[in-house]
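Topology and contacts: notes
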Amino acid sequence: MTASNWPASTSTVPPFGLGTFRLKGQVVQDSVREALELGYRAIDTAQGYDNEGEIGQTIADSGVDRSELYITTKIKPDNYSADKLVPSLRESLDKLGVDAVDLALIHWPAPRGPVSAGEYLGALADAHAQGLTRQIGVSNFTVALLKQARELLGDLPITTNQVEIHPYLQNRKLAEFARQEGIHLTSYMTLAVGKVMEDEVLQDIARAHDVTPAQVALAWAMGQGYSVIPSSTRREHLESNMKALDLRLSDEDMGRIAALDGQGERLANPASVAPDWD
C-alpha cells in the first residue's frame, strides 16, 4: 500500500479529556468523579496505570450515560502476544464496566521486545473486529513506526497517535508527517509536568488573556489540532484546564511558544519499550 492509498484517519477523539496517569485508588476516583461533575466526557486510562477498576466504578456511580462518554485505554506490552491481547482487553472492559471502549491503543512500540509489530497490531485489529473497541490507535510511535503500522493494518485506520508534546518538545518532524498523512495526534504531558506554570513566556501570554499558563499550553496544543488529556487531583485545576477550550491564541502567541522548542525535555522515555525517536 502506497502512502497515497493509505486510509485517512476517521478520528473522533474529543479535543479535550481527562488523563489518569499515576492516579490510583481514591485519588483517581475523586479526580474522575469531579471531572464528570464538571462536564468532562472523555477519559484516558491504560492497563499499565492499574486504575481501570476504580475508573469503572466511578463511572457507574456517576450516573452519566455510557453514550455520553469517550473512553480510551491502552494495551500494555506484557499483553501484546496474539494469545494475550484480546483476553486482556476483555478484562479491561470488565474493570471499566463497558461492553467496548471507544479507543484502544498500543501503549508503546517495544521495538526490542519479544512480540513483533505484525503480531500485536494484528491482535489489536482482531479486537476491533470482535467489537471490543470502536477504533484503534497507537502511542509513542515515530514516523517510521507509523508507516509500518499503516502497512500492517491495511484498510483499518489509525485513529490517533498519542505522543508527548509540550512547548519544550514539539515533535515537529512527527507532527508534520501526521499533518501530511491525515493522522490525528493526541498530546500527553502537555503541561510538561507543571513546568509551563513557571515559564515566563507562557506567564506573559497568560496575563494578556487573563488566563493561566496551563490554559495557554493546552490552547496552544488544541490550536494545532491535537487532542489533550491533562490530569489533576484538584477540582479547581480540573475546572480551570477545561476553560482552555474557549481560549484562542494569536499568531504572535503561537509563534512565541513555538520558539520554546528544542530544549530536549523528553519526560517519558522508558528504555525497555521506547523507540529510536525522530
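Model, not experiment: these values are computed from the prediction. (Residues numbered from 1 in each chain as written. Predicted model: local features only at pLDDT ≥ 70, side-chain atom pairs only at ≥ 80, totals over all residues. Heavy atoms only, no water.)

Quick notes on the overall build of the chain
- For the chain, the count of helices and strands is 10 helices and 8 strands.
- Overall size of the chain, expressed as C-alpha extent along the three principal axes, is 55 × 45 × 30 Å.
- With 278 residues in all, the chain has 53% of them scored as buried.
- Residue pairs at least 24 apart in sequence account for 77% of intrachain contacts in the chain once pairs closer than 6 positions are excluded.
- As presented, the chain carries roughly 12,100 Å² of accessible surface, and 48% of it is formed by carbon and sulfur atoms.
- Of the side-chain charges in the chain, 25 are positive and 38 negative, and the distance between the mean point of each set is 2 Å. (Helix = DSSP H or I, 4+ residues; strand = E, 2+ residues; numbered from the N terminus. Buried < 20%, exposed > 50% of the residue type's maximum accessible area, 1.4 Å probe, protein only. Contact = heavy atoms within 4.5 Å. Areas by Shrake-Rupley, 256 points an atom, 1.4 Å probe, with all protein chains shown as cover. Lys, Arg positive; Asp, Glu negative; His and termini not counted. Charge placed at Lys NZ, Arg CZ, Asp CG, Glu CD.)

Digging into the sheet that holds strand β1 (residues 18-19)
- Read across the sheet, 8 strands follow the order β1-β2-β3-β4-β5-β6-β7-β8 without closing on themselves; strand pairing throughout is parallel. Since the sheet does not close on itself, it has two edges, and those belong to β1 and β8 (227-228), each with one partner.
- In the sheet, strand β3 (residues 70-75) pairs with strand β4 (residues 101-106) via 4 bridges, with the strands oriented parallel. The residue of β4 that forms the bridge with threonine 73 is alanine 104.
- In the packing of helix α4 (residues 117-129) onto the sheet, contacts are made with β3, β4 and β5 (133-139), and the angle to β5 comes to roughly 160°. (Pairing = 2+ DSSP bridges. Axes fitted to C-alpha atoms, helices over the stretch in contact; angles between N-to-C directions.)

Let's talk about the side chain of asparagine 241
- Residue position: asparagine 241 is located in helix α9 (residues 235-242).
- Setting aside chain neighbours within four positions, we find asparagine 241 in contact with Phe16, Tyr40, Ala214, Leu218 and Pro230.

Structural notes on helix α7 (residues 200-209)
- What α7 keeps buried is the set Leu202, Ile205 and Ala206. All buried residues of α7 lie within an arc of 100° about the axis, which places them on one face of the element. Those residues of α7 that are exposed and aimed more than 90 degrees away from the buried face are Glu200, Arg207 and Ala208.
- Summarising the contacts, the buried residues of α7 are in contact with α8 (213-223) and α10 (251-258).
- The backbone nitrogen of valine 201 lies 2.9 Å from a side-chain oxygen of the residue at the head of α7, namely aspartate 199.
- Two residues or fewer past α7, aspartate 210 is found with a positive phi of approximately 55°. (Arc of directions from axis to C-beta. Polar contact = N/O pair within 3.5 Å; in protein donor to acceptor, adjacent residues only side chain to side chain.)

So, the environment of glycine 131
- One can find glycine 131 in the loop between α4 and β5.
- If we skip the residues at most four places from it in the chain, glycine 131 touches Asp99 and Ala100.

A closer look at the confidence of the model for the chain
- Here the chain averages 95 in pLDDT, and 95% of its residues register 70 or above.
- Counting contacts from residues 1-6, a segment whose pLDDT is below 50, to residues more than four positions away or on other chains yields 12 contacts. (pLDDT = per-residue confidence, 0-100.)

Regarding unusual backbone geometry
- Phi is positive for aspartate 50, close to 55°, though the residue is something other than glycine.
- With respect to the helices, strands and loops of the structure, aspartate 50 is situated in the loop between β2 (42-44) and α2 (52-62).
- Positive phi outside glycine occurs at aspartate 210, with the angle close to 55°.
- A relative accessible area of 71% places aspartate 210 in the exposed class.

Points about the environment of leucine 146
- Relative to the assigned elements, leucine 146 resides in helix α5 (residues 143-153).
- For leucine 146, a relative accessible area of 0% puts it in the buried group.
- Between the C-alpha atom of leucine 146 and that of alanine 219, which follows or precedes it by 73 residues, the distance is 26 Å.
- Excluding residues within four positions of it along the chain, leucine 146 makes contact with Val138, Phe141, Ile158, Asn161, Leu174, Phe177 and Ile183.

Examining the packing of helix α3 (residues 85-96) against α4
- At a closest axis distance of 9 Å, the pairing of α3 and α4 adopts a crossing angle of 50°. One element, α3, and the other, α4, form an angle in the oblique class. Where α3 crosses over α4, the two elements pack in a sense that is right-handed. From α3, Leu85, Val86 and Leu89 reach across to α4, where they touch Tyr120, Ala123, Leu124, Asp126 and Ala127.
- For the contact of α3 with α4, the class distribution of residues is 7 nonpolar, no polar and 1 charged. (Parallel < 35°, antiparallel > 145°, perpendicular 65-115°, else oblique. Left-handed = near helix turned anticlockwise from the far one by under 90°. Nonpolar A, V, L, I, M, F, W, Y, C, P; charged D, E, K, R; others polar.)

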